[in-house]
Every structure is written in structure tokens, then in C-alpha cells.
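What follows is each chain in one-letter form.
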Amino acid sequence: YKLSVSPEMDIMEYCMKEWRGNTPAAKRMRKGYEAVAQKFASIRRIRGDNYCAFRATLFQILSQATQLPRWLQSEDFTMLPENLLSKYDWIKQWQLRQKPGKRMGEIRDEIKEYLILLRQKWKNISEIKGPLEKQEACDKLFKNEEEEYSLYEALKFLMLNTAIELYNADKSGKRVPVFSWLLFARDTSSNPCQLMQNHLNHIGHSGGLEQVEMFLLAYALQYTIQVYRLYKHSTDEFITLYPNDPEEDWPVVTLITEDDRHYNIPVRMCQETML
């Protein structure tokens, strides 16, 4: 049995264990970790199974959540699968986790269940006042494999919905963020249907999130995802924001990556930083 989110460990202790050598890469990583350690005391390792970007982001969001976002409260939220499937027949090709070849009605009902679960878990955890109890509730949730993977299906569907909105906005001449052009400029995702077939359906199975999809995830959740990209230390891409022009009222969560493929999370902000 693998832990989804490992217990916390001192950041520099972790770094010294992982990056002992004297290669340029090891030196850069150590410098990167030193910079993160100015702000955060500990690190928690995230299980790496192609869902790690979802796992790291959602864990950070829930462990900091104090209220349910507006978009999660809306009546229409749980009607999304029904509304989208009535307009876009191709969503029938959505690949449910470990259940390929489902019929349209089953897909609709199952995704609705995942969305309801996301809202319920977010609400329950955000209502917990004590930081220790909140942390325990998050740890417990991320030990329940069935629920955990259902939440990732919900996130994927929200990304699809956001992609459709951006694509339609662009086609009708509205202003869209730059990443949206990049998303649909790829040969493999020139429209939302291709994005689903060639990318979203494969997340968690044969691949993780590409960088442009990190932007999409941030937009879908209306959160700014701040990432320390350690291999980019001492360049202006060391701390990257998804999206890079976030809305001012979007909350921020922080992740760490050594290679843009696997993500871990920094925890325990240092006291000076908090003041």
C-alpha cells in the first residue's frame, strides 16, 4: 500500500538525502531547495502515478480551504454532465477510470456523483476550524483510494468544461487568456473533443498534466497555482504562476517540482514569511 501524501519531513533534510552529489544538477537542486526553505519548513512527498499534479493541488487547496468557492455552490454545478452531454455528443467517449466503454447515461450519472463528492468533501473540510483536525481530515481523505480517484475524475471534467468555455469564447471573438491559444494550437488538441480524446482521457493512465494543462487546471478551480520549479533555479522561471496573470481574488496554493512532471508540496510556512 502506497501513501498518497507522505508525512512531512524537513525540507533541507529531504534535499540532502535526494541530492548528495556534486554534479551541476545536484548543486542547482540544493540551491532551489534552500530558496524554498526560506519560506517553508517541511515537504510532503506526493505519490507519483500520473495523478500527482491533481493530488498535490487538491491536497493543498483542501488543507487551506475555509469556505466553498462560489462556483461550487451554484445550482448548475451538478448539472454540468447533463448540460454538456446534451450539447456535445462526443463526450460519450469520456474514459471513466478503469471502466472504458460506458454508455452515455452511465457516464452522465457517474460524473455527477464525482462532482457531488467534490462539493461535499470541500464543504466538510472547509468547515473544520482547527488546523490539526483539518489536516487529519485531509490525510484521511487521501488514504481513501476510491474517493480520491473519483475526485480526480471530477477535476478532469471541470477542465473539459473550462476548455469548452474558452474555445467557444475565442471562436465568438471574446478575449481569452494566452494559454488557451497554446492549448488549442497543439496538433493533438485543436478543439475540445481532441483535448479530451488525446489528453484528458490519458491523465492518470499513460501521462500526467503538461504545463499548458496546469493553466487549464488553475482556471477550472479558480486558484493560482504557484510552483517552485527547482531545475530552473536562478532563472526568471524559478517561481512560475499558473495562470501568470491571475485574478486578484483567487487564492494561491504552492507546489514544488524538480522536473515539471512530478509535484511535491511544501508545508509549514516559516514564521517570518507569515508576518
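Residues numbered from 1 in each chain as written. Predicted model: local features only at pLDDT ≥ 70, side-chain atom pairs only at ≥ 80, totals over all residues. Heavy atoms only, no water.

Q: Any chance you could explain the overall build of the chain here in plain terms?
A: Within the chain, the secondary structure is distributed over 12 helices and 6 strands. On C-alpha atoms alone, the chain measures out to a radius of gyration of 19 Å, which is about the 19 Å that the 2.2 N^0.38 rule sets for 275 residues. With respect to the three principal axes, the spread of C-alpha positions in the chain is 55 × 40 × 35 Å. Every one of the 275 residues in the chain was classed for burial, and the buried ones make up 50%. For the chain, the accessible surface area stands at approximately 13,900 Å², while carbon and sulfur atoms represent 49% of it. Positive and negative side-chain charges of the chain, numbering 37 and 38 respectively, have mean locations separated by a distance of 2 Å. (Helix = DSSP H or I, 4+ residues; strand = E, 2+ residues; numbered from the N terminus. Rg over C-alpha atoms; globule rule 2.2 N^0.38 Å. Buried < 20%, exposed > 50% of the residue type's maximum accessible area, 1.4 Å probe, protein only. Areas by Shrake-Rupley, 256 points an atom, 1.4 Å probe, with all protein chains shown as cover. Lys, Arg positive; Asp, Glu negative; His and termini not counted. Charge placed at Lys NZ, Arg CZ, Asp CG, Glu CD.)

Q: Is there a simple way to explain a negative patch on the surface in this structure?
A: On the surface, Asp245, Glu247, Glu248 and Asp249 cluster together into a patch of negative charge. Looking at Glu248, the relative accessible area reads 84%, which means it is exposed. (Patch = residues over 30% accessible without salt bridge, like charges linked within 9 Å, V, L, I, M, F, W, Y side chains within 5 Å. Salt bridge = Lys/Arg side-chain N within 4 Å of Asp/Glu carboxyl O.)

Q: Whenever I open this one, the packing of aromatic side chains confuses me. Can you help?
A: What characterises a pair of aromatic rings is the spacing of the ring centres plus the angle enclosed by the ring planes. Applying the stated criterion across every chain yields a total of 18 aromatic pairs. With a centroid separation of 5.9 Å and 75 degrees between ring planes, the pair formed by Tyr14 and Tyr33 is classed as edge-to-face. Placement of the pair is Tyr14 in helix 1 (residues 11-18) and Tyr33 in helix 2 (residues 24-37), with a sequence separation of 19 residues. A network of ring pairs unites the aromatic residues Phe179, Phe215, Tyr219, Tyr242 and Trp250 as a single cluster. (Phe/Tyr/Trp six-rings, centres within 6.5 Å; stacked < 30°, edge-to-face > 60°.)

Q: Before we go on, may I ask you to explain the UniProt feature "active site" (unreviewed entry) in the chain in this structure?
A: When the UniProt feature table is mapped onto this chain, "active site" (unreviewed entry) is found at Asp49, Cys52 and His262. With the annotated positions falling across 214 residues, the maximum pairwise C-alpha distance of 8.9 Å places them together in a single cluster. Residue placement: Cys52 occurs in helix 3 (residues 52-64). For Cys52, a relative accessible area of 5% corresponds to the buried category. Not counting chain neighbours up to four residues away, the residues in contact with Cys52 comprise Ile46, Arg47, Arg261, His262 and Tyr263. Classification of His262 as partly exposed rests on a relative accessible area of 22%. With residues up to four places along the chain from it excluded, the contact list for His262 reads Ile46, Arg47, Gly48, Cys52, Ile256 and Thr257. Only 2.9 Å separates the side chain of His262 from the backbone oxygen of Ile46, close enough to count as a polar contact. (UniProt positions renumbered as here; feature names shortened; annotations may be inferred. Contact = heavy atoms within 4.5 Å. Polar contact = N/O pair within 3.5 Å; in protein donor to acceptor, adjacent residues only side chain to side chain.)

Q: I'm lost on helix 9 (residues 178-185) in this one. Help?
A: For helix 9, the complete set of buried residues consists of Phe179, Ser180, Leu183 and Phe184. Down the axis of helix 9, the sector holding all buried residues measures 130 degrees, keeping them to one side. Structural note: helix 9 exposes Val178, Leu182 and Ala185 on the side pointing more than 90 degrees away from its buried face. On the buried face of helix 9, the contacting elements are helix 8 (145-171), helix 10 (192-198) and helix 11 (211-221). (Arc of directions from axis to C-beta.)

Q: Would you mind going over the nonpolar core with me for this structure?
A: One recurring pattern in soluble globular proteins: nonpolar side chains tend to sit buried together. Ile91, Trp94, Leu118 and Trp122 are the most contacted members of the largest nonpolar core, which totals 77 residues. If one sorts the elements of this core by residue count, helix 8 sits on top with 13 residues. Excluding residues that lie within four positions of it along the chain, Trp122 makes contacts with Ile61, Leu62, Ala65, Gln67, Leu68, Pro69, Trp71, Leu72, Leu221 and Tyr223. (Core = buried A, V, L, I, M, F, W, Y, C linked by side-chain atoms within 4.5 Å.)

Q: Help me understand the UniProt feature "site: Linear diubiquitin binding" (unreviewed entry) in the chain in this model?
A: When the UniProt feature table is mapped onto this chain, "site: Linear diubiquitin binding" (unreviewed entry) is found at Glu237. With respect to the helices and strands, Glu237 occurs in the loop between strand 3 (224-229) and strand 4 (239-242). Ignoring sequence-local partners within four residues, the contact set of Glu237 consists of Arg229 and Lys232.

Q: I keep staring at the environment of Glu210 and nothing clicks. Help me out?
A: With respect to the helices, strands and loops of the structure, Glu210 is situated in the loop between helix 10 and helix 11. A polar atom in the side chain of Glu210 sits 2.9 Å from the side chain of Arg186.

Q: Please explain the side chain of Glu148 as it appears in this structure.
A: The topology assignment puts Glu148 in helix 8. Here the side chain of Glu148 touches Ser4 through a polar contact of 2.8 Å, side chain to side chain. Polar contacts involving the side chain of Glu148 include one to the side chain of Tyr152, which spans 2.5 Å. Every residue in contact with Glu148, bar those within four places of it in the chain, is listed here: Ser4, Arg55, Leu141 and Phe142.

Q: Any chance you could explain the environment of His205 here in plain terms?
A: Assignment of secondary structure puts His205 in the loop between helix 10 and helix 11. On the basis of relative accessibility, which here comes to 39%, the residue His205 falls in the partly exposed class. Between the C-alpha atoms of His205 and Lys171, which are 34 residues apart in sequence, the distance is 31 Å.

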